[in-house]
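Here are the chains, one letter per residue:
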Amino acid sequence: NRKPIIAIDGPAGAGKSTVTRRVAQELGLMYLDTGAMYRAITWLVLNSNINLEDEAAIAELVSQVNLELTPKGIKINGEDVTEAIRTLQVTAHVSAISAMESVRQALVKQQQSYGQKGGIVAEGRDIGTHVFPNAELKIFLTASVQERARRRLQDLIESGQGDITVNQLEQDIQLRDYRDSHRKFAPLQKATDAIEIITDGLTIEDVTAKIITLYREVV
Ligand code: C5P
């Protein structure tokens, strides 16, 4: 008899993180950022002597890893990497690492154990389709590439990495979308029973309120 689960999926820059965090806060549910888990593994690979294409070595690394979600962020093997996982370098390599079956299997298992009792809002790419296919509410958040690039630039400026053009970001986003939705294992896809919200022109408050309304209808 588990508590409800909300699954929030969608491409990069659709506003998932901010909205998911707000929804969790307002409903008193746990927030699970699965992208941060893939980013932390990517960070660890980049900071070890492992070749990025050596899937066997990466599988070995992942089988021994200690990933800890903290109230404010994430730790890997005891090291707080909450900020380190947001660099352009990690972002550039995360799609390749997260396409590996061994990486996905290990992380999905950990995500499902977090969700065993329910009472969580999880965000990612495959939450409604693979991680929690029985979630009570599934949301697919998206926005135009232009809007998403604009938001990304804003985030990067705020973290002192704004030395990049909107055009470059649009290209990066398109490439990451393509890779995430064409990979073999658990590609980014809207679950058939997910409700799509296009966030162009909507504020964070608008989107949060919409999801909370939908949640109250199903729970
Ligand atoms: O959401 P965020 O941008 O932090 O995710 C980073 C990357 O992690 C995505 O581009 C995707 O390659 C991968 N990811 C994934 N499955 C998830 C969450 C993230 O493959 N559930």
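Only a predicted model underlies this, so the values are computations on that prediction, with no experimental measurement involved.

Analysis parameters
Residues numbered from 1 in each chain as written. Predicted model: local features only at pLDDT ≥ 70, side-chain atom pairs only at ≥ 80, totals over all residues. Heavy atoms only, no water. Buried < 20%, exposed > 50% of the residue type's maximum accessible area, 1.4 Å probe, protein only. Helix = DSSP H or I, 4+ residues; strand = E, 2+ residues; numbered from the N terminus. Arc of directions from axis to C-beta. Contact = heavy atoms within 4.5 Å. Salt bridge = Lys/Arg side-chain N within 4 Å of Asp/Glu carboxyl O. Pairing = 2+ DSSP bridges. Axes fitted to C-alpha atoms, helices over the stretch in contact; angles between N-to-C directions.

K.L.:
Quick one: what's the story with helix α4 (residues 88–98), residue by residue and with numbers?
P.N.:
Along α4, the residues that are buried comprise Val90, Thr91, Val94, Ser95, Ile97 and Ser98. Viewed along the axis of α4, the buried residues span an arc of 165°, placing them on a single side of the element. Structurally, α4 contributes buried residues whose contacts are with α2 (34–46), α3 (55–63), α5 (101–114) and α8 (166–182).

K.L.:
Got a sec to walk through the pattern of salt bridges? Specific residues and values, please.
P.N.:
Following the criterion strictly, the structure yields 10 salt bridges and no others. Here Arg151 makes a salt bridge to Glu147, at a shortest N to O gap of 3.1 Å. Taken as a pair, Arg151 and Glu147 lie in helix α7 (residues 145–158) at a separation of four residues, close to a single helical turn. Look at Glu147 and you get buried, because its relative accessible area is 14%.

K.L.:
Just give me the short version of the sheet that holds strand β6 (residues 120–124), but keep the residues and values in it.
P.N.:
Two modes of strand pairing occur in sheets, parallel and antiparallel, and in both the strands are linked by backbone hydrogen bonds. Taken in spatial order, the five strands line up as β2-β6-β1-β7-β8 in an open sheet, and their pairing is parallel. Edge positions in the sheet fall to β2 (30–33) and β8 (195–198), since each has one partner strand and no second. Averaged over all pairs of adjacent strands, the angle between their axes in this sheet comes to 20°, without regard to strand direction. The pairing of strand β1 (residues 5–9) with strand β7 (residues 137–142) spans four bridges and is classified as parallel. Residue pairing for β7: Asp9 is matched across the bridge by Phe140. Most of the contacts of helix α1 (residues 16–27) go to β6, to which it runs at about 175°, and overall it touches β1, β2, β6 and β7.

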